[in-house]
Structures are given as structure tokens and as C-alpha cells.
Amino acid sequence: MVFPAWCRSVGETLEHHGVASVEQGLPSASLEAAREKYGYNELQKTPATPLWKLILEQFNDTLVKILLLAAAVSFGLAFVENDPEESGMRAFMEPLVIVLILVLNAAVGVWQESNAENALEALKEMTAETAKVFRDGQLISDLPARELLPGDIVEIHTGDRVPADIRIVQLKTAVLRVEQAALTGESVAVSKTAAPVDGEDVELQAKECMLFAGTGIASGACIGVVNSIGMETEIGKIQEQLQEASEEDNDTPLKKKLDEFGESLATCILYICIAVWLINYKHFISWKPYPGSWVPNPATVEFSIAKATFYFKVAVALAVAAIPEGLPAVITTCLALGTRKMAKRNAIVRQLPSVETLGCTTVICSDKTGTLTTNQMSAVQLAAYGGSLSELTEWEVTGSTYDPDGGRVVGLKGLDRNLETLAEVFALCNDARIEFKAGHHKAVGQPTEAALLVLAEKLGVAGEAAQKGIRALRLADPEAHPTGACQHHAAKWHKLATLEFDRDRKSMSVICTPASGAGVTSSAAVGATPRRSGRLASLLSRTSSEGGSSGGNVLFVKGAAECVLQRCTRVMLADGSIVPLTAAARTELHELLDRLAGRALRLLACAVKTDLGDLADYDGSERHRGYARLADPSQYEALESDLVFLGLTGLQDPPRPEVRAAIEDCHAAGIRVMVITGDNKLTAEAICRAIGVFTAEEALNGNSMTGLSFAGLPEPEKRRVLSQPGGLCFSRAEPRHKQDIVRLLKDMGEVTAMTGDGVNDAPALKLADIGVAMGITGTEVAKEASDMVLADDNFATVVAAVEEGRAIYMNMKAFIRYMISSNIGEVASIFLAAALGLPEGLLPVQLLWVNLVTDGPPATALGFNPADPDIMTKPPRRADDHFITPWIFFRWLVVGCYVGFATVGAFATWYTSTSFLGIDLSQDGHTAISFAQLRDWEACRQWKGFEASPYTAGGRTIAFDHPCDYFTAGKAKASTLSLSVLVAIEMLNAANALSEDLSLLQMPVWRNPWLLVAMTLSLSLHALILYVPFLADIFSIVPLSLNEWALVLAYSLPVILIDEVLKFIGRNVVNRRRAASSPKLKDE
């Protein structure tokens, strides 16, 4: 249990951890016992899954188990059988191919699994390596952070990474700011204090006296006591949540569908195999009944092991035929092609199934900071007085990044003296800088101060020539001249002292003196005319004439608008003149502040002061008479009084420009958007209105709440909130709140995508159906926990990825429809042959070749089908939607039954006819028999006078040692015809699969040129095994003549007509009934 130090005094915290004094720290004598109790300050590593377990997990799949059983049986039969026709390599071809498939599948799976859990290692990289610690009254400057213990007194400075969760004991500087956005989602650095908070159960953001492991010190220094280490820290809790989310990782919708299909297929295979045995039992078992009875006489039972083995092989062939062995490979290929398409759209997919999951996304839960917003503070509003107090002018400032040329001050026609002074305050009251690296402008320092630098650049400098020179230099070499205007303003002054920001007065200021030859240096740099700082010349002279002492020093002030305004007594107008700040003008400014605060803007005001008393001639020396006032922070508020108001600006972490349109696309596609952020409620709501999650006039009754408020609701009420239509906003959300929301949505049947960039987002990213991390601003922890990374940090890319996912799903549906209908045809062929008692027409090795090689290219090519133009105007499909509707299953059966009829028909036609539909089949010299003889082929040796002539195939002659071998070794030609009909029909089926309901006249095959290439490749591969003797021997087939190819086409072409009729019924009957019933479903 972690001690709640945030709501306890410093004394209570030290006493709890057994620390006698801050100066002494932990005594060495207590270290061993503390180590035994608390362990080391490190994150636990979950033991890696053993390789053998990973391998076994790859075989925990219904389809794989069926294939494994088929391979084992085939291997056993090949080993024990002594069949001269299937000896050597040919006998073991089938089980070897099956095993090779399974090994490759397992290898890919193991590779993916072993690379899936790197998020925890990324978390470890966030922790500090060393710490400055007081023990036994001695400072240890480089104690390894892993050796820290609760109770250790540590010293933290600017730039340090916090090594543990620490309770602040005392500040060593006036202000301490911490960057904890990655942990809490706050968009700006937050100020910390040593004072305890009220209440134990508060959000992380409210624990202002705590420093959290992994966060960074932006400015300031403090001394603190370690309160918790390792897995007890907030970052440790996130690791624990990540581990829990990993264990909760559910299968993707696609995998669930395929598993359901596999289980159904296994049941069907079992029933079909039993049916085959029942139909053919008379072939391998016979008996005579007792005289005058139907009861069998056991003494007369005759059982043929050879024939029983044959029909067992038929059952194995059925299993091989029913399983689409190539389906996993084709799905993987299609998903991989989808990842390439998405990569071109800046979406980098880390987990292949995520591509399909995107297509059925129903809810997008998005972090705000850095995802919907730029995570780059920007000035969006500027206000200052014109020629009189009645002219309070406002300007809109555009641009959402740190690029000075990425926006402008709308309506600004040039700099007057007041605005020029305002720009100087922005440039001088500033410790940040803008850098241009890797094609982007970046902030170094506080984001708020960097935003003011960018605003100063947008204001520019006085003089059109000077401004053009600055812009030209920036365009020519942005790395060397990112902020030319700020350099121009700053070069006029020497900064003598900084009055640091503190929480009480909420402002900071700098004392500056005019540089000698002010303006010359910067002007020379930018090609402008040297110019004296005229706007302050009048101010200085006015101050002197009013009796003030002025040595030339000026105080530039910026701070929270309401605080700075309270200390202002005068106003600078556009011409540089100074007038008193009247009560009416003050009221008008307060009304402006209230209006802008309603937009959740961070408001800063700027002011100057020239009557600095004994600091008017301060020269920066510690010996100066005024230095004592600068050394005492309690004097700063008095120094920053009687100020001259210049203007104010409103800043925010602005929405990304493209987000609003993307959210509109989500609404059109039936996808709900929920914003889950660690930022405050008012800011979150303002951003949600700006991007279209909420409308401008929408009353937020129950649509916006804090994470803590949501967590306090009963379960039914939580579900009601999450199920209500429209957008939702959850603010001040902690990692556990985000996880609870995602978990509830998944329980409610929603397919949830979660976007985020911070450490605090990682558990929810891992738990969501698809986690989407930001590639540029995202932490490594978030990226490793995600399924997809956005290379451009653009929310709109998520929507584009959803569109691509939907298209991929439709294409996958097309090739799965194609492959399954083909497999049903194979099953029908074997079942029909067995039911009729015909010789085995298709061998298992031939079926493997068709399923893996011949079917593969067309199925893959179907993945290139163009997307429907209205794909993003349809509602998302639910995760429990089925691939196989009753109508689709009926279509599969009709087409499959025809495939079975055609393959068996071609086989039987060759045996029973010398011509068919005008096609001469007698040229090879084969012996035609009756269909009744073909069905009774196993009794051949009992036929009297039966003779079978050798026949030709290509350049070879097929002869038999015994006439009855005509039905075994002699069936090569008939088997080849059957296989060729199967291949030809499947090529035509691929063309049929281009569209579920559109005719080939509406969707011709050349709409997908890749399909034409794939069909050509498959037919070429089939020709290869037909006409290369070595391969023909392996597959037990022979070359075909032109007349025999004509027979193949005669049996194959009708499948197009059959499917066209089915599509016509689908378009005009089934779809219309479905459309007519949909309003009723909605009403229900």
C-alpha cells in the first residue's frame, strides 16, 4: 500500500519513512532492512514465453489440427501400404506438403509472437539511471537509480528525469515546473509546490506536491523524499496495467470468424466422412442373413482390409479437399498488401490482423493532446489598443505549429509602436528558442514561450524591407535563421536580470538596457536600416518629465492576464503615447478576458515599466545598490507594479486543421468519436466543439465528465453513458479510467480503436481492438503497445486507414467466397464419386496443388479489387456479423454442386464415351465402357471377357498388366480431365468473385488487371505440371489434346451462367428484401 504523501505534511511523510532530518537522509544501518522490504527501484520483467510453448500455440487452431490429423493418417497409409503405383517420393508427397505448410505457418506465428511485447522494455528506458541522494548526511551525486529506497532524500534539478515517485520537501527555486504530459496528458508544464493537497482520492494532475517517475524537470530545483519505487510508482502501475491488457488481448474479428468457420468445417467434414463410409460399406464388408430373416449371420461376415483402406483414403482426401489450405497464406498476403497501401497513407501497421479490424471499427477513442491537437502551443488571439481607449482591437492568429511562416495575424497591416513593443516583450521575456531540424520547426524550452516567439515572428518588424529580408533569410536557410524577427528585437537590448515566475504573482519579467548602437547589429543581419527604439523614446521622456528617475533600464513583463492587468495603471496606444487606464477601459478588458476564457484559451498579458527607482541604472553587478531587491523574490511584486499595459494574447494547443473534416467523415461512416484526455474539462470541451465532436450550441448534459466522475457511476449508468448517441468527452482521465472505458465498450460489442501518444495511453492502446500511436510525438511505450503507428501524427490518417480497412475486408470477403466455393466443389466431387461408386477421380496431392498453388494467385489478386465509391457512407459492420449468410451459403452449395457434377462428369464421360457434344474423344484409342460397368469397377476381375486397350497421352502410351488396371493406373487421363475441369472452373469463379452481386457485364474482369495476370499464371502452372513429364508423374496426370481441352471447356463454361443467374436473384430479390427489412430493424 502506497503511503498517501500528497495529502500529508512533510513532517508526517518523513516520519512515516523513518527519516530523522532532511540533511541526514536515510541512515546506512536501515538500508539492508529497507531493501529486504521494498526491493529494487526497477520495473519487473514478465518471464518470456518459452520457444517450445510458442511453437505449440501455433497448432492450437481447428483448421491446423484437421490438417495435422490428415497428414498423420496420410503418412501412416503411405508407410504401411505396399502399392507399386504410389511408391517412393510420390507416396509421401501429400503428408510432406501438409507438414511443410504447417511448419511455415508456425514459423511465422512464432516470429510475430516473439516480437510482440517490447512495450515494457520501452517503459524501462524512461526511468532515470542515477540520482543525487543524501545518506548519513553525505551527498551521493551518482547513486544508481535502481538502488533508491523509500525515505531517500533526493535533489532534483532542471533537465533531470525523476527517478521515483517523490514527495516534494522544499523548493530550491521560486518555481518548479515539470513536463508530465506523457503520464497525465496535460499540454503544458505544470507548477509544483511543497504544500499538501486536500483529500486522498484525487487525480494525478491534482497531486501538486508529487513528482512522478519518468517525468522531466522543465525548470527549477527542489529537495524531496522518495515515497514509492519500482512497481509501486505510477509508471509501475502502468506496466502492471499493460501486462493485464496483454492477458486480456482478444482475438480480432477476422480470427474469430475464421475459428468459427473452422469449427463448422470440422463438423461438416466429420459428417461427410461418416456419410462416405455408410454409403460405401458394401464395398468392404458383406454378410449373409440367417435363412428367412434379415438378421446377419456373423459366421458369414467378410471384411476387406484393402477396400476399407481405400475408402479410408477417400475420407482423408475429403478432409484435404474441404480444408482451404491456401486460405491462411492468401489472407496474410492480402493483409500484407494492405499494410503497404496504408504505409503510403502514413499508417504503419505493426500487427497484420489490425488491417481488417479497422474495417469494422465502430468507436474511436482518441486522446486529445498531440492527437487531435498539435501538442504545440500556438497564439490564436491578439488584442491591443489602437489610437484611443475606445479602440480595443482584436486579431485572429492562424497557424497551429511552430513554423513562423505557417500562419499570420489576420488583418494586420503593419506594426505600430505599441505592437512593436509587444513583440519585443515576446522576444525578451523568453527563455525558449525555435529550432529547424529534420524538416520541422521544434520548440526548445517551454511550449508557451515558444508560441510567443512564433507570434513575434508573425508580427514581424517595422519596415517592409526589413521584414522581407528576414523572411528571405529564413526561407534560404531555416536552420540558421528560424527566428529573425526575434533576433532583430532582442539585439536592441541587453538583458540584465530575470525576475522568475512564481505561483503567487503569476508573472515573470526581465530588466533590459538599450544596447549600444541599438538596432545596428540586427539590421545588418537582415538588411534593414538602423533604427533607434522609438516607441520607448517617448515613454522614457514622458517618465522623466513626470519626475521619475530613469537611467534607461526598462522592465518587460508577461504573465497571467488577470494578474498583470490588476497591476497596470496606464496603457500604451498605437502611436506610443501613454494614457491612464480608466475604469471603463479596465471593465472592457475584463469582459474580453471572460469571453476568451470561455474558449479555454490560456491568456497572457504584457506590460512595460520604466520608473525602476534604484534599478533604473542597474548594470548587472552584485555590488549595485539595487541588487538586494533582485535577490529577494518577495520584492518582485512591488517591482512589477504601476505597469503600462501593452496587450494580451490567447494561446492554446490548437486542433489539427484536418481533424474536423476527419470527424465529419467518421460521423458519415457511422463511427462514434470519444475524446479521453488528461487535460482539464473546460479546455477539453472547447477543443471538442472546435473539431466537431460537439456542436457549438450543444448542451453538454452527460456528454462531458471527468474520469473520476465516470468511475464513480454504477455499472448500468456507465453503459448508458457510453451507449448514448453523439460524441463523448472524458477529461482529467487517468490510465485506469481509459482502460475501464475501452473494456466496457468491448463488453458492449463495440469494435474500439484507441489513439494516443503518451505513456498514460499505453494500457488502453494495448487493450483496445486496435491501438493507434503517434509516430512523431508518441512515446516509445505508446508505439510498442500499439497495433498501428501514424507516421504523420494525423488523426485524419486513422479515418483513411478505416476506409482502407473496409476495402480490404470486402476484398477478403471476395477471395474467401471464391476459395470456399472451390473447396465445396472439391468435396462435392469426391463425395459424388464415392456415392456413385466411381474410381477416385481427384487424388489428395492434386487437391493440395489446386488449393495451394493454382487457387493462390487469383485469390491474392482479388485483394486488389477497387473499393466501392460509397464505402465510407455505409455504417460499420458489427464484429459479430457473419461471412456466411444463408443466401451466400446457398450460392456456395449451388456452385459447389455444379463443380462436383462437372469434375465427375468429365471423368465419367471419358470412360463411357468416344464423343461428347460433337467433340471426338476416340483419338487416343481408349476403351469406352458403360456407366454401370464404371460404377461396378471393383468387380472387374469377375467380369468375363473384359479387355481394355492401351491409349495414348501426349507422346506416351498408357498400357496395363491386367485389364482391370484400367480403373487404377489407367485412370490417369480421366483424372487429368477432372483436375483440369476443376482448375478451369476455379479461374472462371475468380472472375465471378469480382463482385458479390454485379454482373460480369457491369464489372468486367479487366477492371482488376491483376486478376487477369493471376489467372494466366495459374493456368500456366497447371500447364507446367501437365506437360513436364517429371511433374506429371508426381501428380499422376498426363498431357491433354485440343479435343480433350474442348471437353474441359464444355464442362467449365456453364458456371458463369449459373453464377450470373444467382447474382440476378441476389440483386433483384435478396437485396431488396434486406433493404425493405432494414427500417424495421432500426425501429426495433
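Residues numbered from 1 in each chain as written. Predicted model: local features only at pLDDT ≥ 70, side-chain atom pairs only at ≥ 80, totals over all residues. Heavy atoms only, no water.

As recorded in an unreviewed UniProt entry, the protein chain goes by the name P-type Ca(2+) transporter, listed as coming from Chlorella sorokiniana. UniProt, in the comment section headed Subcellular location (unreviewed entry), describes the protein chain in these words: "Membrane". (UniProt positions renumbered as here; feature names shortened; annotations may be inferred.)

Here the focus is the overall build of the protein chain. The helix and strand inventory of the protein chain stands at 41 helices and 34 strands. Of all 1084 residues assigned to the protein chain, the portion counted as buried reaches 55%. Pairs at least 24 apart in sequence give 74% of the contacts found in the protein chain among residues at least 6 apart. Per element, the accessible surface of the protein chain, about 45200 Å² overall, is 57% carbon and sulfur. (Helix = DSSP H or I, 4+ residues; strand = E, 2+ residues; numbered from the N terminus. Buried < 20%, exposed > 50% of the residue type's maximum accessible area, 1.4 Å probe, protein only. Contact = heavy atoms within 4.5 Å. Areas by Shrake-Rupley, 256 points an atom, 1.4 Å probe, with all protein chains shown as cover.)

A separate point is helix α22 (residues 583-597). In an α-helix, one full turn covers 3.6 residues, which means residues spaced three or four apart are oriented alike. With 15 residues, α22 should reach 21 Å at 1.5 Å per residue; the first-to-last C-alpha distance of 21 Å fits that figure. Looking only at α22, the buried set comprises A585, L589, L592, L593 and L596. For α22, the angular spread of buried residues about the axis comes to 100 degrees, placing them on one side. Across α22 from its buried face, at more than 90 degrees, point the exposed residues A583, A584, E591 and D594. (Expected span 1.5 Å × (residues − 1). Arc of directions from axis to C-beta.)

It is worth spelling out the pattern of salt bridges at this point. Within the structure shown, the criterion is met by 35 salt bridges. Note that E664 and R660 form a salt bridge whose closest N and O atoms lie 3.9 Å from each other. One end of the pair, E664, and the other, R660, are both in helix α25 (residues 659-668), four residues apart, so they sit about a helical turn from each other. Among the salt bridges present, the one from D761 reaches K738, with a minimum N-O distance of 2.3 Å. Residue D761 is located in the loop between β28 (752-756) and α30 (762-767), and its partner K738 is located in helix α29 (residues 735-747); the two are separated by 23 residues in the primary sequence. (Salt bridge = Lys/Arg side-chain N within 4 Å of Asp/Glu carboxyl O.)

Take the UniProt feature "transmembrane region" (unreviewed entry) in the protein chain next. The UniProt entry lists residues 62-80, 92-111, 261-279, 310-337, 815-838, 889-911, 1010-1030 and 1045-1065 under the feature "transmembrane region" (unreviewed entry), expressed in the numbering used here. Taken end to end, residues 889-911 is 100% helix and 0% strand, and its two terminal C-alpha atoms sit 33 Å from one another. In the segment residues 1010-1030, helix accounts for 95% and strand for 0%; the C-alpha atoms at its two ends are 30 Å apart.

Two quantities define a packed helix pair, namely the angle between the helix axes and the distance between the axes. Running from N to C, helix α35 (residues 886-912) and helix α37 (residues 972-992) cross one another at 150 degrees; their axes reach a closest spacing of 8 Å. Taken together, the axes of α35 and α37 are roughly antiparallel relative to one another. As α35 runs across α37, the sense of the crossing is right-handed. Where α35 approaches α37, its residues V895, Y898, V899, A902, T903, V904, A906, F907, W910 and Y911 are matched on the opposing element by K973, A974, S975, L977, S978, V981, L982, I985 and N989. Of the residues assigned to the contact of α35 with α37, the class counts are 14 nonpolar, four polar and one charged. (Axes fitted to C-alpha atoms, helices over the stretch in contact; angles between N-to-C directions. Parallel < 35°, antiparallel > 145°, perpendicular 65-115°, else oblique. Left-handed = near helix turned anticlockwise from the far one by under 90°. Nonpolar A, V, L, I, M, F, W, Y, C, P; charged D, E, K, R; others polar.)

Attention shifts here to the packing of aromatic side chains. One pass over the structure, following the stated rule, counts 20 aromatic pairs. When the ring of W493 is compared with that of F556, the centres are 5.3 Å apart and the planes differ by 80 degrees; the resulting orientation is edge-to-face. Here F556 lies in strand β20 (residues 554-560) and W493 lies in strand β18 (residues 493-499), a separation of 63 residues in the sequence. Ring pairing ties together the aromatic residues F907, W910, Y911, W937, W943, F946, Y951, F960, Y966 and F967, which thus form one cluster. In this structure, R177 is placed above the aromatic ring of F501, and the distance from its NZ or CZ to the ring centre is 4.5 Å. K207 extends its terminal NZ or CZ atom over the ring of W6, reaching a point 3.8 Å from the ring centre. (Phe/Tyr/Trp six-rings, centres within 6.5 Å; stacked < 30°, edge-to-face > 60°. Lys NZ or Arg CZ within 6 Å of the ring centre and 35° of its normal.)

Right, let's get into the environment of A1046. In this structure, A1046 sits in helix α40 (residues 1042-1052). Once the C-alpha coordinates of A1046 and L917 are considered, the two residues, 129 residues apart in sequence, prove to be 9.9 Å apart.

The subject of this paragraph is the state of the cysteines. Here, the word disulfide means a covalent bond between the sulfur atoms of two cysteines. The full count for this structure, using the stated rule, is one disulfide. Through a disulfide, C940 is tied to C964; the S-S separation comes to 1.9 Å. Judged by the torsion about the S-S bond (-90 degrees), the C940/C964 disulfide is left-handed. In this pair, C940 sits in the loop between α36 (931-935) and β33 (951-953) while C964 sits in the loop between β34 (956-958) and α37, placing the two residues 24 residues apart along the sequence. Residue C964 is classed as buried on the basis of its relative accessible area of 10%. Considering cysteine sulfurs only, C209 is the nearest to C7, which forms no disulfide, with 8.3 Å between them. (Disulfide = S-S within 2.5 Å.)

Glancing now at the sheet that holds strand β6 (residues 190-192). As summarised here, the arrangement of the three strands in space is β6-β5-β8, forming an open sheet in which the pairing is antiparallel. The open sheet has two free edges, formed respectively by β6 and β8 (216-219), since each of these has just one partner strand. In this sheet, adjacent strand axes meet at a mean angle of 45 degrees when their direction is disregarded. (Pairing = 2+ DSSP bridges.)

Here we come to the nonpolar core. Judged by nonpolar contacts, the single largest core of 69 residues is most densely connected at M342, V693, M788, F795, F815, Y818 and L1011. For this core, the element with the most residues is helix α32 (residues 795-836), which contributes 14 residues. Residue contributions to this core reach at least three from each of two domains, namely domain 2 (79-111 + 263-299 + 311-318 + 816-864 + 888-1072) and domain 3 (347-373 + 655-793). Counting 61 residues, the second-largest nonpolar core is a separate cluster that includes W887, Y911, A974 and I1025. (Core = buried A, V, L, I, M, F, W, Y, C linked by side-chain atoms within 4.5 Å. Domains from an automatic or database assignment.)

Right, let's talk about the pairing of strand β23 (residues 602-609) for a bit. Residues in a regular strand point their side chains to alternate faces of the sheet. Counting buried residues along β23, seven of its eight residues qualify, which places the element largely inside the surrounding structure. Bridging between β20 and β23 involves six bridges; their strand directions are antiparallel. Opposite L555, over in β23, you have K609 as the bridge partner.

What follows covers the packing of α37 against α40. It is the contact of α37 with α40, at a shortest axis distance of 9 Å, that shows an interaxial angle of 50 degrees. Of the possible angle classes, the one that applies to α37 and α40 is oblique. Of the two possible hands of crossing, α37 and α40 adopt the one that is right-handed. Residues K973, L977, S980, V981, A984, I985 and L988 of α37 form the contact with α40, whose participating residues are E1044, W1045, L1047, V1048, Y1051 and S1052.

Let us now look at the sheet that holds strand β12 (residues 347-349). Ordered by their spatial adjacency, eight strands build an open sheet running β12-β30-β29-β28-β13-β25-β27-β26, and the pairing between neighbours is mixed. Edge positions in the sheet fall to β12 and β26 (704-706), since each has one partner strand and no second. Across the sheet, the axes of successive neighbouring strands diverge by a mean angle of 20 degrees, strand direction being ignored. In terms of strand pairing, strand β13 (residues 363-366) meets β28 through four bridges, oriented parallel. Directly across from C365, in β28, lies its bridge partner M754. In the packing of helix α28 (residues 715-723) onto the sheet, contacts are made with β25 (672-676), β26 and β27 (728-731), and the angle to β27 comes to roughly 125 degrees. Across the sheet, α29 touches β13, β25, β27 and β28, and the angle it forms with β28 is around 160 degrees.

A separate point is the environment of Y281. The residue Y281 is located in helix α10 (residues 281-284) in this model. For the pair Y281 and F303, spaced 22 residues apart in the sequence, the C-alpha separation amounts to 9.9 Å.

Working note: non-glycine residues mostly have negative phi, and peptide bonds are mostly trans. A positive phi angle, close to 55 degrees, is found at D136, a residue other than glycine. Position of D136 among the secondary structure elements: in the loop between β1 (130-135) and β2 (138-144). For D136, a relative accessible area of 36% translates into the label partly exposed. Positive phi, close to 55 degrees, is recorded for D642, a residue that is not glycine. With respect to the element layout, D642 can be found in the loop between α24 (636-639) and β24 (643-652).

On to α40, then. Along α40, the residues classified as buried are E1044, L1047, V1048, Y1051 and S1052. Projection of α40 onto a plane perpendicular to its axis shows the buried side chains occupying an angular sector of 130 degrees, all on one side.

Let us look at a nonpolar patch on the surface. Taken together, the side chains of L1057, V1061, F1064, I1065 and V1069 define a hydrophobic patch exposed on the protein surface, amounting to about 440 Å² of accessible area. With respect to the helices and strands, L1057 occurs in helix α41 (residues 1054-1083). Owing to a relative accessible area of 60%, L1057 belongs among the exposed residues under this scheme. (Patch = residues over 30% accessible without salt bridge, like charges linked within 9 Å, V, L, I, M, F, W, Y side chains within 5 Å.)

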